[in-house]
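Chains, contacts and geometry: an overview
Listed below are the residues making up each chain.
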Amino acid sequence: ALLLISLNHIKSNNIMEALTQTVSTAIQSSDYTQLSLVFTSQWQSLGQGEQRTLAAHFIKSAVASPTFFPAAFQSQTILSVITATLAHLPPIVEGAADTQLRQLLFDYKVNEEDDYSTAARILSGVRMEASDENSVYYMTPLERCDVFVKVAECYLEEDLTVEAEGAVTKAGTIIENSGITFVKNEENDNDNDGEHNKKNKTDEQTMTLLLRYKSTYARILDANRKFLQAATKYHDLSTAYLYTDAIEEDDLLVMLGKAITCAILSPNSAQRQRVLGLVYKDERLQQLDSIPEFQSHSSILTKMYLNRIVQKTELEQFESSLADHQKAIMADGLTIVERGVLEHNMVAVSHLYTSIYFSQLGELLGVIDGEKAEKVAAKMITDGSLSGSIDEMEGLLYFHPSDKDESSLLRWDETITAFCGQLNKVTDAVRAS
């Protein structure tokens, strides 16, 4: 029995040596058929441990070859071999060759084939060690964050927002846990100190990565129709000039324009009003008029911030600048922009009228008919964004001053009363003298 075991062991070693040599020779001669034969049928006679060793040998040898890649990526046969070997690896591949292979294949899929979703899945499999600095798979927080941002960017290219959100969330966790943050320009001035220059270089890399992360996150929020959050992120990006000079001024203006787009599309709320105010006070607002895509944005934003009614004719140019996901028709039959503007106009009208017929309201707003206006008003009253009541029999909408408005009026009345009282006292004192 011992002799039989020994003979089997020798036989297994001989097969392993033969297959290893076959793989090396096939890589040198770019014999894709032979490699496919090895990793589909011939290696089935090996144990799991030997299969992992052979897979690691293929990957290490292929990456080290000066001629095998990237030409081999054009072969579907080799892509199948790569998939099989990456799924049968030992815990460690010398020199992290599997990571190098994934990066090479990622670059090829992105730059040569524009196959972003496949590229993202390939890069997602990279092994990343966060704590053991001696591991061949160790990556700094910046490097790990870069991997997840690349994955998210690729998924976004093919509108796979769920997958993109998962990747960018992981990047955000790394940023939060590692304390990665912007360094302002005044803190980034160069001097003759080599260490200082090295630090500046690191800071520049950090800022570039953070900008990519923030841009990707904003695009995901935008694509998921979380417009209020997206508006905040876009405006944050538009102020990147505070941290770096690497971004063109026109690109920053585009981010400002996108912030306005998302703010306008957001549901009416106090937080939305704050965001509108933030952008309204931006000194670059009027510069958007020089960009065809955003020519109407500043005027609409101004009316919304100042609670003025926005007419339908003013929306035509704005609507033409929207992306497809921003033009979606919602369950109530309204487009996103129609509902956003209608909710704004409803609040604006409440400052002008104490009551109004829905037929008159629809005509005044010039956006939708009276029946839809009633549905929107009912929803706004229910969620607390509009204070009022509806007389369905008469088709009337009554506006009620909110508690906040009432308290403001009371404080104003009290202030006027106190002032008049003080004035009377002064007048009486003057007369007495």
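Residues numbered from 1 in each chain as written. Predicted model: local features only at pLDDT ≥ 70, side-chain atom pairs only at ≥ 80, totals over all residues. Heavy atoms only, no water.

1. A word on the packing of aromatic side chains
For any two aromatic rings, the description comes down to two numbers: the centre-to-centre distance and the angle of the planes. The full count for this structure, using the stated rule, is nine aromatic pairs. When the centroid spacing of 5.1 Å and the interplanar angle of 80 degrees are considered together, the rings of Phe39 and Trp43 count as edge-to-face. In terms of burial, Phe39 and Trp43 fall into one category: buried. Ring geometry for Phe68 versus Phe69: centroids 4.9 Å apart, planes at 65 degrees, classification edge-to-face. Judged by its relative accessible area of 0%, Phe68 is buried. Every member of this aromatic cluster is reached through a ring pair, and the members are Tyr32, Phe39, Trp43, Phe58, Phe68, Phe69, Phe73 and Tyr108. (Phe/Tyr/Trp six-rings, centres within 6.5 Å; stacked < 30°, edge-to-face > 60°. Buried < 20%, exposed > 50% of the residue type's maximum accessible area, 1.4 Å probe, protein only.)

2. Brief notes about the layout of surface pockets
Here the second largest pocket defines a volume of roughly 390 Å³. Along the walls of the second largest pocket sit 16 residues, with Asp222, Tyr234, Ala323, His325 and Gln326 positioned nearest its centre. Contributions of two or more residues to the lining of the second largest pocket are made by helix H9 (194-223) and helix H11 (249-265). It is H9 that contributes the most residues to the lining of the second largest pocket, three residues altogether. Among the residues forming the lining of the second largest pocket, the class breakdown is five nonpolar, five polar and six charged. (1 Å grid on protein atoms, 1.4 Å probe; cavity = no way out; pocket = protein on both sides within 12 Å on 5 of 7 lines; lining within 4 Å. Points joined across faces, edges and corners; volume = space filled by probe spheres on them. Helix = DSSP H or I, 4+ residues; strand = E, 2+ residues; numbered from the N terminus. Nonpolar A, V, L, I, M, F, W, Y, C, P; charged D, E, K, R; others polar.)

3. Observations concerning the sheet that holds strand S1 (residues 355-357)
Pairing between the strands of a sheet is mediated by backbone hydrogen bonds and can be parallel or antiparallel. With respect to topology, three strands assemble into an open sheet ordered S1-S3-S2, the strand pairing being antiparallel. Edge strands, defined here as strands with exactly one partner in the open sheet, are S1 and strand S2 (388-391). Across the sheet, the mean angle from the axis of one strand to that of its neighbour is 20 degrees, orientation sign disregarded. Direction of pairing for S2 relative to strand S3 (residues 396-399): antiparallel, over a ladder of four bridges. When the sheet's bridge partners are listed, Asp391 is paired in S3 with Leu396. Strands in contact with helix H17 (residues 370-383) are S2 and S3; relative to S2, the strand with the most contacts, it is inclined by about 140 degrees. (Pairing = 2+ DSSP bridges. Axes fitted to C-alpha atoms, helices over the stretch in contact; angles between N-to-C directions. Contact = heavy atoms within 4.5 Å.)

4. Points about helix H7 (residues 141-157)
Here H7 spans 25 Å end to end across 17 residues, near enough to the 24 Å set by a 1.5 Å rise per residue. Along H7, the residues that are buried comprise Arg144, Cys145, Val147, Phe148, Val149, Val151, Ala152, Cys154, Tyr155 and Leu156. Once H7 ends, the next one or two residues include Asp159, with phi positive near 60 degrees. (Expected span 1.5 Å × (residues − 1).)

5. Remarks on the side chain of Ser266
Checked against the element boundaries, Ser266 lands in the loop between H11 and helix H12 (270-280). One polar contact links the side chain of Ser266 to the main-chain amide nitrogen of Leu228, over a distance of 3.1 Å. Not counting chain neighbours up to four residues away, the residues in contact with Ser266 comprise Phe227, Leu228, Arg272 and Gly340. (Polar contact = N/O pair within 3.5 Å; in protein donor to acceptor, adjacent residues only side chain to side chain.)

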